[in-house]
Amino acid sequence: QKEVEQDPGPLSVPEGAIVSLNCTYSNSAFQYFMWYRQYSRKGPELLMYTYSSGNKEDGRFTAQVDKSSKYISLFIRDSQPSDSATYLCAHLAGAGSYQLTFGKGTKLSVIP
Amino acid sequence: DGGITQSPKYLFRKEGQNVTLSCEQNLNHDAMYWYRQDPGQGLRLIYYSQIVNDFQKGDIAEGYSVSREKKESFPLTVTSAQKNPTAFYLCASSPGLHNEQFFGPGTRLTVL
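Our subject in this report is the structure included herewith.

### So, the overall build of chain A
Okay, step 1: A count of helices and strands for chain A gives zero helices and 11 strands.
Okay, step 2: Overall, chain A shows an N-to-C arrangement of helices and strands of β-β-β-β-β-β-β-β-β-β-β.
Okay, step 3: In terms of overall dimensions, chain A is globule-like: its C-alpha atoms have a radius of gyration of 14 Å, near the 13 Å expected for 112 residues.
Okay, step 4: Referenced to the eigenvectors of the C-alpha coordinate spread, the extents of chain A come out at roughly 45 × 30 × 25 Å.
Okay, step 5: Counting every position in chain A, which comprises 112 residues, the buried fraction comes to 45%.
Okay, step 6: Excluding contacts between residues fewer than 6 apart, the proportion of contacts in chain A whose partners are at least 24 apart in sequence is 54%.

### Comments concerning the interface of chain B and chain A
A common way to report how large an interface is uses the accessible area buried once the components associate.
Okay, step 1: With 26 residues of chain B in contact, the opposing surface of chain A contributes 23 residues.
Okay, step 2: Between chain B and chain A, roughly 2000 Å² of surface is buried when both sides are summed, and carbon and sulfur atoms account for 58% of that area.
Okay, step 3: Seen at the junction of chain B and chain A, the total is three residue pairs in polar contact (both at pLDDT 80 or more).
Okay, step 4: Counting residues per element, the ones that place at least two in the side of chain B that touches chain A are strand S4 (31–38), strand S5 (42–51), strand S9 (87–94) and strand S10 (102–103) of chain B.
Okay, step 5: If you tally residues by element for the side of chain B that touches chain A, the top one is S5 of chain B, at five residues.
Okay, step 6: Each residue belonging to the side of chain B that touches chain A can be placed in one class, and the counts come to 12 nonpolar, 10 polar and four charged.

### Looking at the pairing of strand S7 (residues 61–66) of chain A
Residue and element names in this part refer to chain A.
Okay, step 1: Bridge analysis of strand S6 (residues 54–58) against S7 gives five bridges, and the strand direction is antiparallel. Opposite Glu57, over in S7, you have Thr62 as the bridge partner.
Okay, step 2: In sequence, S6 turns back onto S7 through a hairpin of two residues, with Gly59 there showing a positive phi of about 65 degrees.
Okay, step 3: For S7 and strand S8 (residues 71–76), the ladder comprises six bridges, and the chain directions are antiparallel. Among the inter-strand pairings, Ala63 is bridged to a residue of S8, identified as Leu74.
Okay, step 4: Between S7 and S8, which pair antiparallel one after the other, the connecting turn spans four residues, and Lys70 there sits at a positive phi close to 55 degrees.

### Some remarks on the environment of Phe88 of chain B
Okay, step 1: Inspection of the secondary structure puts Phe88 of chain B in strand S9.
Okay, step 2: By relative accessible area, Phe88 of chain B is classed as buried at 6%.
Okay, step 3: With 47 residues separating them in the primary sequence, Phe88 of chain B and Gln41 of chain B have C-alpha atoms 11 Å apart.
Okay, step 4: Excluding residues within four positions of it along the chain, Phe88 of chain B makes contact with Gln38, Arg41 and Lys42 of chain A together with Tyr35, Arg36, Gln37, Pro105, Gly106, Thr107 and Arg108 of chain B.

### A word on the state of the cysteines
Okay, step 1: Tallied over the entire structure, the rule returns two disulfides over all chains.
Okay, step 2: At a sulfur-sulfur separation of 1.9 Å, the disulfide partner of Cys23 of chain A is Cys89 of chain A. Its S-S torsion of approximately -95 degrees makes the covalent link between Cys23 of chain A and Cys89 of chain A left-handed. In this pair, Cys23 of chain A is assigned in strand S3 (residues 19–25) and Cys89 of chain A in strand S9 (residues 85–93), connecting sequence segments 66 residues apart.
Okay, step 3: Classification of Cys23 of chain A by relative accessible area gives buried; the value is 1%.
Okay, step 4: A relative accessible area of 0% places Cys89 of chain A in the buried class.
Okay, step 5: The disulfide that involves Cys23 of chain B links it to Cys91 of chain B, with 1.8 Å between the sulfurs. Between Cys23 of chain B and Cys91 of chain B, the disulfide has an S-S torsion of -70 degrees and is therefore left-handed. Here Cys91 of chain B lies in strand S9 and Cys23 of chain B lies in strand S3 (residues 19–25), a separation of 68 residues in the sequence. Here Cys23 of chain B and Cys91 of chain B have matching classes, each one buried.

### Here we look at the packing of aromatic side chains
What describes a pair of aromatic rings is the distance from one ring centre to the other and the angle between the planes of the rings.
Okay, step 1: For the structure on display, the rule yields 13 aromatic pairs over all chains.
Okay, step 2: Ring geometry for Tyr35 of chain B against Phe103 of chain B: centres 5.5 Å apart, planes inclined by 45 degrees, an arrangement best described as tilted. Linking Tyr35 of chain B in strand S4 with Phe103 of chain B in strand S10, this pair joins segments that are 68 residues apart in sequence. Taken as a pair, Tyr35 of chain B and Phe103 of chain B share a single burial class, namely buried.
Okay, step 3: Among the aromatic residues, those joined into a ring-pair cluster are Tyr36 and Phe102 of chain A together with Tyr33, Tyr35, Tyr48 and Phe103 of chain B.
Okay, step 4: One cation-aromatic arrangement involves Arg68 of chain B over Phe74 of chain B; the distance from NZ or CZ to the ring centre is 6.0 Å.

The rules we used
- Residues numbered from 1 in each chain as written.
- Chains lettered and ligands numbered in written order.
- Predicted model: local features only at pLDDT ≥ 70, side-chain atom pairs only at ≥ 80, totals over all residues.
- Heavy atoms only, no water.
- Helix = DSSP H or I, 4+ residues; strand = E, 2+ residues; numbered from the N terminus.
- Rg over C-alpha atoms; globule rule 2.2 N^0.38 Å.
- Buried < 20%, exposed > 50% of the residue type's maximum accessible area, 1.4 Å probe, protein only.
- Contact = heavy atoms within 4.5 Å.
- Buried area = accessible area lost by both parts, 1.4 Å probe.
- Polar contact = N/O pair within 3.5 Å; in protein donor to acceptor, adjacent residues only side chain to side chain.
- Nonpolar A, V, L, I, M, F, W, Y, C, P; charged D, E, K, R; others polar.
- Pairing = 2+ DSSP bridges.
- Disulfide = S-S within 2.5 Å.
- Phe/Tyr/Trp six-rings, centres within 6.5 Å; stacked < 30°, edge-to-face > 60°.
- Lys NZ or Arg CZ within 6 Å of the ring centre and 35° of its normal.

Pasting the structure below:
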């Protein structure tokens, strides 16, 4: 069983739509959760970082973590064409671990 | 202007040659990392370093070498022993334990 599962898409939505991106994970040691946005041929850009179950909001972005279900989500409100990118979820175990485990990414296209 | 720089942006290598990829950060971060990204595979950890003069192998260290002589620099050498070196290489850094990682812009290596 893969440690992190993420639907690769591609996902196409009209401009202004609410986007939901999801990851599931199997390792209960994961304590810290991140979402990255990666434009084509660029390095990943950190969007959200959280370590507790519940919601964390930053502008149009909301990260949701459910540790009991091992499920994390990223919601994008009022999506824009500039949101078109690949979104990567990443998880970090606690207890001194430095190693991030990444999902393979979901490719999102926001159509004007 | 703080950040992570990688050079060169594009690199071409003949088979049998060693090449060194540069990574510099001015964020005063203790930890640095090297990842490899291939289409459809997600990011995979090559090496990481928690402090100067110390580094650890990641999941795919074979055919690679690193050094950490200065806090701000973490160069990666791709040796001729790496059987499939063509990929997008990403350097990252983090303040320390359990912190989010920030990525550089990447170096695309092509073996001719």
